[in-house]
Amino acid sequence: MRSTRIGLAILAIFIAVLLGLVSWSAQQNIREDARRAVAESLTTVLETAHHAVSAWVRDHESSIAVWAAKPVVGESAARLLAIGPDRAALLRDPAQRALRLWFPALRDAMNYQGYFIVSPDGLNLASSRDQNVGVPNGLLAADEGFLDRVMSGQIAMSRPVVADVPLPDEGNELRTGLPTMFIGAPIRDEAGNIVAAFMFRLRPDEGFTGILQQGRIGRTGETYAFDREARLISASRFDEQLREAGVIGPDQAAMLNIRLLDPGANLATGEPASKARSELPLTRMALAALRGEPGRDLDGYRDYRGVPVVGAWRWEADLGLGIATEIDVAEAYEILHATNRTITALTVLAIALVIGLTAIYLIYGQRLIAEATLKEREALFTNLVEGVATDYLIVRQAFDGRVLYASPATERFAAVTADKAVGQKWWELLPVNRTELARVKRIIATASTGTSPEPFDMQYRHPHGGDRMVEVLVRPEFDEHGSPFALLAVIKDVTERHRTEQKLLQAASVFENTDEGIIVTDVDRKI
């Protein structure tokens, strides 16, 4: 029985460990599937943004290449180059009027905000705004190398910069400090020589930034661009969080005003940055991208808010900018974590069920089996006992003397029926004197420890009167664990034998103590 219990316990432990391993393996597989899905999603968004930005740039490159070759542009550039840096003369020249009459149709069709003709030394020869004419072009300082690329014969797109003049915002109200971009192409004379640069002013929010904003995944995903200095050059989804953290001012936007620095703490939850911003390192993504290393991180790193994110990135060498797409780790793996929690809960429940059922079986099932076995044994015992002659009284008793079972001979020995004997103390059925009771109780106490005492005689008072002598054999009964739980007593009436023995003892005593001769004969008077 003990080996069965141990075997069941080992089996339960094995099943529990097996369930745990299966659960762990399933969660690992689900985790890898989730990581692949996140990787594919990030890569798809990044590639889509890359192709969309590239297509947008190509469209504008194609457009300006056409317009820079228009006679009105070439002829105007030649006239204005001949005038030189005289601002008043430049403004009076009919070329300014010709260009401004020509531009509105183009502005409405392509949504350009303005145009420029710039001399090789960076002077604005013509513009859609008087205030820009005759002064150095502001892009020379904001995006160094842009004019050089155009004058070398390239069609170039500038990165977003802060406009040096007030521009209309989304509500068509003039505001200073708004971002702007330029697309430039060389102007050639009749001999094909590059003589000046022609530029259109673009609105980043309607093209460049708008494209990147379409790459926002879920609630926390965003796709953005940055320059060689790791400065954010597209709109951020988290301007409000950055304002609350004090990274930008109340009226500022993150675009063009923050660098992609790792604050070392989660600013979105109110944690303070680990250092002053001037001492903060670049984010992991920015460091890799500026080294020209495209990649992705599915384990998580801090973004410019200090929030753990997963992301993918690439450096656009031909555009001179980087593009990244990111999403908070918590959201990226939200379904994974929910699934793992469910699997873990079900696994714990299954293990608890296995252990619980095993425990219930070991505690109660074995008890029920033992009780059923005991009942079978008792039934067999009863059948055997009740088939024994009434010369023997068989009693099962508890250690405290209570009768648990009595054979039908009880009526002969104690003048009560067997069923009425159950529950009484044995000395109530077979009354003995105090001395005898104490002696028998000592014998019973010895048997209760599992020791089998020698048979003994006991004298009791029969309810109908007279003393009776019985011979008692007591044996302990053991349960399935080998522990004694009751006593079995086999009682035989030896009164007549005892009386005969007493008479023989008396006769022997007479023979031994008389001085007379004694002859013993049978009924036929034979000696």
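As shown above, the structure is provided for reference.
What comes next is a walk through the structure.

1. As for the overall build of the protein
Part 1 of the reasoning: Along the backbone of the protein there are 16 helices and 17 strands.
Part 2 of the reasoning: Residue pairs in contact within the protein that sit at least 24 positions apart in sequence constitute 52% of those at least 6 positions apart.
Part 3 of the reasoning: Accessible surface, the protein as shown: approximately 28300 Å² in total, 55% of it carbon and sulfur.

2. Considerations on the sheet that holds strand β10 (residues 295-302)
Part 1 of the reasoning: Across the sheet, which stays open at both edges, the four strands sit in the order β9-β12-β11-β10 with antiparallel pairing between neighbours. Edge positions in the sheet fall to β9 (222-226) and β10, since each of these pairs with one other strand and no more. Taken over all neighbouring pairs, the strand axes of this sheet differ in orientation by 25 degrees on average, direction set aside.
Part 2 of the reasoning: Sheet topology places strand β11 (residues 308-316) next to strand β12 (residues 321-328); eight bridges connect them, and they run antiparallel. Among the inter-strand pairings, Val-309 is bridged to a residue of β12, identified as Asp-328.

3. Points about the layout of surface pockets
The gaps of empty space that remain are located by a probe, the size of a water molecule, rolled over the atoms.
Part 1 of the reasoning: Each pocket or cavity is described by its volume, and for the largest pocket that value is around 570 Å³.
Part 2 of the reasoning: Lining the largest pocket are 25 residues; nearest its centre among them are Arg-175, Leu-178, Pro-179, Ala-253 and Met-255.
Part 3 of the reasoning: Going through the elements one at a time, β5 (167-168) and α7 (208-213) are the ones with two or more residues in the lining of the largest pocket.
Part 4 of the reasoning: In the lining of the largest pocket, the residues fall into ten nonpolar, eight polar and seven charged.
Part 5 of the reasoning: If you add up the space inside the second largest pocket, you get close to 390 Å³.
Part 6 of the reasoning: Among the secondary structure elements, those contributing two or more residues to the lining of the second largest pocket are α1 (2-68) and β3 (156-157).
Part 7 of the reasoning: In terms of residues, the lining of the second largest pocket owes the most to one element, α1, which gives four residues.
Part 8 of the reasoning: Its residues assigned to classes, the lining of the second largest pocket shows six nonpolar, four polar and ten charged.

4. Looking at the nonpolar core
Part 1 of the reasoning: One finds Ile-117, Phe-198, Phe-200, Phe-208 and Tyr-333 to be the most contacted residues of the largest nonpolar core, which totals 56 residues.
Part 2 of the reasoning: For this core, the leading source of residues is α1, giving twelve residues.

5. Quick notes on the packing of aromatic side chains
Part 1 of the reasoning: One pass over the structure, following the stated rule, counts 13 aromatic pairs.
Part 2 of the reasoning: Both rings, one in Tyr-112 and one in Phe-200, keep their centres 4.1 Å apart while their planes meet at 10 degrees; by these two values the pair is stacked. Pair noted here: Tyr-112 is in the loop between α4 (94-110) and β1 (114-118) and Phe-200 is in strand β8 (residues 194-202), with a separation of 88 residues, a long-range link. Like Phe-200, Tyr-112 is buried.
Part 3 of the reasoning: Each ring, one from Trp-426 and one from Trp-427, has its centre 5.5 Å from the other, and the planes form 80 degrees; the classification is edge-to-face.
Part 4 of the reasoning: Note on Trp-426: relative accessible area 7%, which makes it buried.
Part 5 of the reasoning: You can call Trp-427 partly exposed: its relative accessible area is 23%.
Part 6 of the reasoning: Counting every residue linked through ring pairs, the aromatic cluster contains Trp-67, Trp-102, Phe-103, Tyr-112, Tyr-115, Phe-198 and Phe-200.

Rules behind the numbers
- Residues numbered from 1 in each chain as written.
- Predicted model: local features only at pLDDT ≥ 70, side-chain atom pairs only at ≥ 80, totals over all residues.
- Heavy atoms only, no water.
- Helix = DSSP H or I, 4+ residues; strand = E, 2+ residues; numbered from the N terminus.
- Contact = heavy atoms within 4.5 Å.
- Areas by Shrake-Rupley, 256 points an atom, 1.4 Å probe, with all protein chains shown as cover.
- Pairing = 2+ DSSP bridges.
- Axes fitted to C-alpha atoms, helices over the stretch in contact; angles between N-to-C directions.
- 1 Å grid on protein atoms, 1.4 Å probe; cavity = no way out; pocket = protein on both sides within 12 Å on 5 of 7 lines; lining within 4 Å.
- Points joined across faces, edges and corners; volume = space filled by probe spheres on them.
- Nonpolar A, V, L, I, M, F, W, Y, C, P; charged D, E, K, R; others polar.
- Core = buried A, V, L, I, M, F, W, Y, C linked by side-chain atoms within 4.5 Å.
- Buried < 20%, exposed > 50% of the residue type's maximum accessible area, 1.4 Å probe, protein only.
- Phe/Tyr/Trp six-rings, centres within 6.5 Å; stacked < 30°, edge-to-face > 60°.

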